[in-house]
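Structural characterization, general
Each chain is listed here by its residues.
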Amino acid sequence: MKMPDPDQATIARKAEIAAALREIVPGEGVIVEEQELKAYESDGLTAYRQVPLIVVLPSTTEEVGRVLAYCHENEVKVVPRGAGTSLSGGALPLADGILLGLGKFNRILEVDFDNRCAVVQPGVTNLGITKAVEHAGFYYAPDPSSQIACTIGGNVAENSGGVHCLKYGLTTNNLLGLKMVMIDGTVVEVGGKHLDSEGYDLLGLMTGSEGLLGVVTEVTVRILRKPETARALLLGFESSEAGGDTVAAIIAGGIIPGGMEMMDRPAIHAAEAFVHAGYPLDVEALLIVELDGPEAEVDQLIERVSEIAKAQGATTIRASRSDEERLTFWAGRKAAFPAVGQISPDYYCMDGTIPRHQLAKVLTRMTELSGHYGLRVANVFHAGDGNLHPLILYDANTPGELEKAEDFGSDILRLCVEVGGVLTGEHGVGVEKRDLMGTMFTETDLDQQQRVKCAFDPKALLNPGKVFPQLHSCAELGRVHINRGQLRFPDLPRF
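Residues numbered from 1 in each chain as written. Predicted model: local features only at pLDDT ≥ 70, side-chain atom pairs only at ≥ 80, totals over all residues. Heavy atoms only, no water.

With that settled, consider the nonpolar core. In terms of nonpolar packing, the biggest core is built from 61 residues, with Leu287, Val289, Leu291 and Ile392 touching the most fellow members. Looking at this core, the element that brings in the most residues is helix α14 (residues 401-418), giving eight residues. Among residues more than four places away in sequence, those in contact with Leu287 are Leu233, Leu234, Leu235, Phe237, Gly243, Thr246, Val247, Met260, Glu261, Met262 and Ala383. Counting residues in each nonpolar core, the second largest holds 27 residues, with Val76, Val78, Leu100 and Leu462 among its members. (Core = buried A, V, L, I, M, F, W, Y, C linked by side-chain atoms within 4.5 Å. Buried < 20%, exposed > 50% of the residue type's maximum accessible area, 1.4 Å probe, protein only. Helix = DSSP H or I, 4+ residues; strand = E, 2+ residues; numbered from the N terminus. Contact = heavy atoms within 4.5 Å.)

Enumeration over the complete set of coordinates arrives at four aromatic pairs. Arranged with centres 5.1 Å apart and planes meeting at 40°, the rings of Phe113 and Phe138 form a pair that is tilted. Residue Phe113 is located in the loop between β5 (108-112) and β6 (117-120), and its partner Phe138 is located in strand β7 (residues 138-139); the two are separated by 25 residues in the primary sequence. By relative accessible area, which is 3% here, Phe138 ends up buried. With 5.4 Å between their ring centres and 15° between their planes, Tyr373 and Phe408 make a pair best called stacked. Within this pair, whereas Tyr373 is found in helix α13 (residues 359-373), its partner Phe408 is found in helix α14, the two being separated by 35 residues in sequence. Exposure class is identical for Tyr373 and Phe408. Each is buried. (Phe/Tyr/Trp six-rings, centres within 6.5 Å; stacked < 30°, edge-to-face > 60°.)

This structure, assessed with the given rule, holds one disulfide. Here Cys454 connects covalently by a disulfide to Cys474, the sulfurs 2.1 Å from one another. Torsion about the S-S bond of the Cys454 and Cys474 cystine: about -90°, corresponding to left-handed handedness. One end of the pair, Cys454, is in helix α15 (residues 443-456); the other, Cys474, is in the loop between β20 (471-472) and β21 (481-482), and 20 residues separate them in sequence. Using a relative accessible area of 16% as the deciding quantity, one classes Cys454 as buried. With a relative accessible area of 30%, Cys474 lands in the partly exposed category. Cys71 takes part in no disulfide bond, and the closest cysteine sulfur to it belongs to Cys474, at a distance of 17 Å. Cys165 forms no disulfide, and the closest cysteine sulfur to it belongs to Cys150, at a distance of 13 Å. Looking at Cys165, the relative accessible area reads 9%, which means it is buried. (Disulfide = S-S within 2.5 Å.)

The N-to-C vectors of α13 and α14 enclose an angle of 160°; their axes lie 11 Å apart at closest approach. Taken together, the axes of α13 and α14 are roughly antiparallel relative to one another. Two packed elements cross with a definite hand, and for α13 against α14 that hand is right-handed. Facing Val362, Arg365, Met366, Leu369, Ser370 and Tyr373 of α13, the residues of α14 in contact are Lys404, Asp407, Phe408, Asp411, Ile412 and Leu415. Taken together, the residues that form the contact of α13 with α14 break down as seven nonpolar, one polar and four charged. (Axes fitted to C-alpha atoms, helices over the stretch in contact; angles between N-to-C directions. Parallel < 35°, antiparallel > 145°, perpendicular 65-115°, else oblique. Left-handed = near helix turned anticlockwise from the far one by under 90°. Nonpolar A, V, L, I, M, F, W, Y, C, P; charged D, E, K, R; others polar.)

Turning our eyes to something else, we now look at the pattern of salt bridges. What the rule picks out here adds up to 24 salt bridges. The partner of Glu261 in a salt bridge is Arg333, with the nearest N and O atoms 2.8 Å apart. A residue pair is termed long-range when its members are at least 10 positions apart, and Glu261 in strand β13 (residues 259-264) and Arg333 in helix α11 (residues 323-334) qualify at 72 residues. We classify Arg333 as buried; its relative accessible area is 1%. Here Lys453 and Asp457 are joined by a salt bridge, their closest N and O atoms 2.7 Å apart. Both residues of the pair, Lys453 and Asp457, belong to the buried class. If you follow the salt bridges from partner to partner, you end up with Lys38, Glu41 and Arg49 in one network. (Salt bridge = Lys/Arg side-chain N within 4 Å of Asp/Glu carboxyl O.)

The following block contains the structure:
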């Protein structure tokens, strides 16, 4: 009997999966047409693109469970996707897998002011939570720069932070509970409105797991009372090293600002041209330091931080005089990424974390790397917790520049690990940092991490090809290797 050619087999397989999914998700919830699928071919890491086999858009936890159960039984790979704002390729589709879009999960289910929490679906935007509770004087603390677009499900997957994470923590510090669906369709609830529970910390395990362990369909988050007073300082310096030393001196002085961000000259000029926030343009580095709390305490902290900045050689010290001015200070920083887009055809946004005291050394080395590669770099960082976001400027239309930008970025990440830091602070590993995992972890470390995945996803169907540089079978972990080529990831489609 003659076997069908591979193309015909693929077409038949696609039709079979689509028919099964339409039984679960009726109406327009299953997308198969090439032109419509292209809308999902990339996330925020746009250098890599891959049209998925099929997109399915469930709207209930029960539908998600049935979709995953079908995929588990029929060994169909699944890539979960929220808003697609990931900068590490975490939501990059597979040519032979379905993309599970959670955009319809966009409702706030409950706001409980007595217990200071909210129950939301994963498709709710980060800023949407604050908008829903601010009338009562509350807010949701994590505030990534993309908060207007990024969703809470993606924040959980990548453990997102933001400009106020120094004092109020990352996503993991502001989660109370999750409802998630396992690959076999089982629905599991972890945590709840209570502050803590006994047993394994599955809530912590799921946060930052990048869609490799399960699909989240409900999230219970902590909401906080807005501080009585908040004021921000603009501190300008003649060198990035002086700015970095000031960050260390503020923390060493026992002061924990609500937020502490830093930008270098290219980022300052781009943000000022974009937002007109009133930034000084004659400085090499700019710190934005926000102090919050009772008014008397904030006033006293403003004086102390100003004195520390003077001692470190600050040439500009300016305190906000109104809440509108404070928000204007932050508007420039939060618009830094789109602002840099006006000064370069393309940019590659990196994400690594270092010990604070290594900031000056790392900035100096990045300047040397910039000269080596012949590419400019604009730096913005969550200075208080050492989370760097270098923006490497390049032109994708110039042959070889994308590859140079990627090599430059890899050297920055290796430098972060070298000085005692880590490969990622909040953007995740995805495909971007996957092949660098060996610089931070031993093979034993990675095997142990994969054993955790095996406990949740023994067939390696959830978001395969991400995070791990080499996959092992769960049956004989460490001995039998799965060729990554089977996952269609050795040569990622490039834009």
